[in-house]
Amino acid sequence: MSNRFVKIGSLILSVIVCASLLAPLISPHPITFRAQPFDGPSRSHPLGTDDVGQDVLGNLLYGGRT
């Protein structure tokens, strides 16, 4: 752990793992929630929605579990 890049990489990996494990608490909507397709970022959808109306933040968080 003396290398600076190892510390930074470990920190980033830890954040991704924690966010994926806490996805049900962090995600504003369930993974099956549908909204207006291609809706831009807003308070209810921080990263917007995709072409079928799913929340992009929720997809990223639950996708990290895979």
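Within each chain, residue numbers correspond to sequence positions counted from 1 in written order. Only residues with pLDDT of at least 70 get local features here, since the model is predicted, and only at 80 or more are side-chain atom pairs given and counted; chain-wide, interface and lining totals rely on the full set of residues. As a convention, hydrogens and water are excluded, and side-chain values are obtained from all of the structure's heavy atoms.

A. Seen up close, the overall build of the protein. Scanning the protein from N- to C-terminus turns up 3 helices and 0 strands. Each radius of gyration is computed over the set of C-alpha atoms, and the globule rule expresses the reference value as 2.2 Å times the number of residues to the power 0.38. Here the C-alpha radius of gyration of the protein, 15 Å, is well above what a compact globule of 66 residues would show, namely 11 Å. Summarising its shape, the C-alpha atoms of the protein cover approximately 50 × 20 × 20 Å along the three principal directions. For each residue, the accessible area found with a 1.4 Å probe, counting protein chains only, is set against the maximum for its type, and the residue is called buried under 20%, exposed over 50%, and partly exposed in between. Counting all 66 residues of the protein, 21% fall into the buried class. Intrachain contacts of the protein at a sequence separation of at least 6 include 30% that bridge at least 24 residues. Only carbon and sulfur atoms are counted for the fraction: they give 67% of the accessible area of the protein, which is about 4800 Å². Counted as positive: Lys and Arg. Counted as negative: Asp and Glu. His and the chain ends are not counted at all. Charge positions are represented by NZ for Lys, CZ for Arg, CG for Asp and CD for Glu. Computing the positive centroid from 5 side-chain charges and the negative centroid from 4, the protein places the two 19 Å apart. Going along the chain from the N terminus, every DSSP run of H or I of four or more residues is numbered as a helix, and every run of E of two or more is numbered as a strand. Whether two residues are in contact is decided by their heavy atoms, any of which lying within 4.5 Å being enough. The protein chains shown are the only cover counted for residues, whose accessible areas, like all others here, come from Shrake-Rupley with a 1.4 Å probe.

B. Structural context of helix 1 (residues 4–21). Expected helix span is given by 1.5 Å per residue-to-residue step, counting one fewer step than there are residues. For helix 1, built from 18 residues, the straight-helix expectation of 26 Å at 1.5 Å per residue is met to within 8% by its first-to-last C-alpha distance of 26 Å. Two N or O atoms form a polar contact when they lie within 3.5 Å of each other; inside protein one atom must be a possible hydrogen donor and the other a possible acceptor, and for residues adjacent in sequence the pair counts only when both atoms belong to side chains. Two or three places before phenylalanine 5, at the start of helix 1, stands the capping residue asparagine 3, its side-chain oxygen 3.1 Å from that residue's backbone nitrogen.

C. Representation of a nonpolar patch on the surface within the structure. The grouping of Leu13, Val17, Leu21, Leu22, Leu25 and Ile26 at the surface amounts to a nonpolar patch, some 600 Å² of accessible area in total. For the nonpolar patch, the secondary structure elements donating two or more residues are helix 1 and helix 2 (23–26). Sort the elements by how many residues they give to the nonpolar patch and helix 1 lands first, with 3 residues. Within the secondary structure, isoleucine 26 is located in helix 2. Look at isoleucine 26 and you get partly exposed, because its relative accessible area is 41%. Exposure above 30% relative accessible area and the lack of any salt bridge qualify a residue for a patch; like charges then connect within 9 Å, and the nonpolar side chains Val, Leu, Ile, Met, Phe, Trp and Tyr within 5 Å. The salt bridge criterion pairs a side-chain nitrogen of Lys or Arg with a carboxyl oxygen of Asp or Glu, the two atoms within 4 Å.

D. Main features of the packing of aromatic side chains. For this analysis, a ring pair means two rings from Phe, Tyr or Trp (six-membered ring only for Trp) whose centres lie within 6.5 Å, classed as stacked if their planes differ by under 30 degrees, edge-to-face if by over 60, and tilted for the remaining angles. Applying the stated criterion to the full structure yields 0 aromatic pairs. Both a distance and an angle decide whether a charge sits over a ring: NZ of Lys or CZ of Arg must be within 6 Å of the ring centre and within 35 degrees of the ring normal. Over the face of the ring belonging to phenylalanine 5 we find arginine 4, whose NZ or CZ atom lies 5.1 Å from the ring centre.

E. Quick peek at unusual backbone geometry. Its identity as a non-glycine residue notwithstanding, phenylalanine 38 has a phi of 55 degrees, on the positive side. Mapped onto the secondary structure, phenylalanine 38 falls in the loop between helix 2 and helix 3 (56–63).

Without other data, these values stay purely geometric and don't point to any function.
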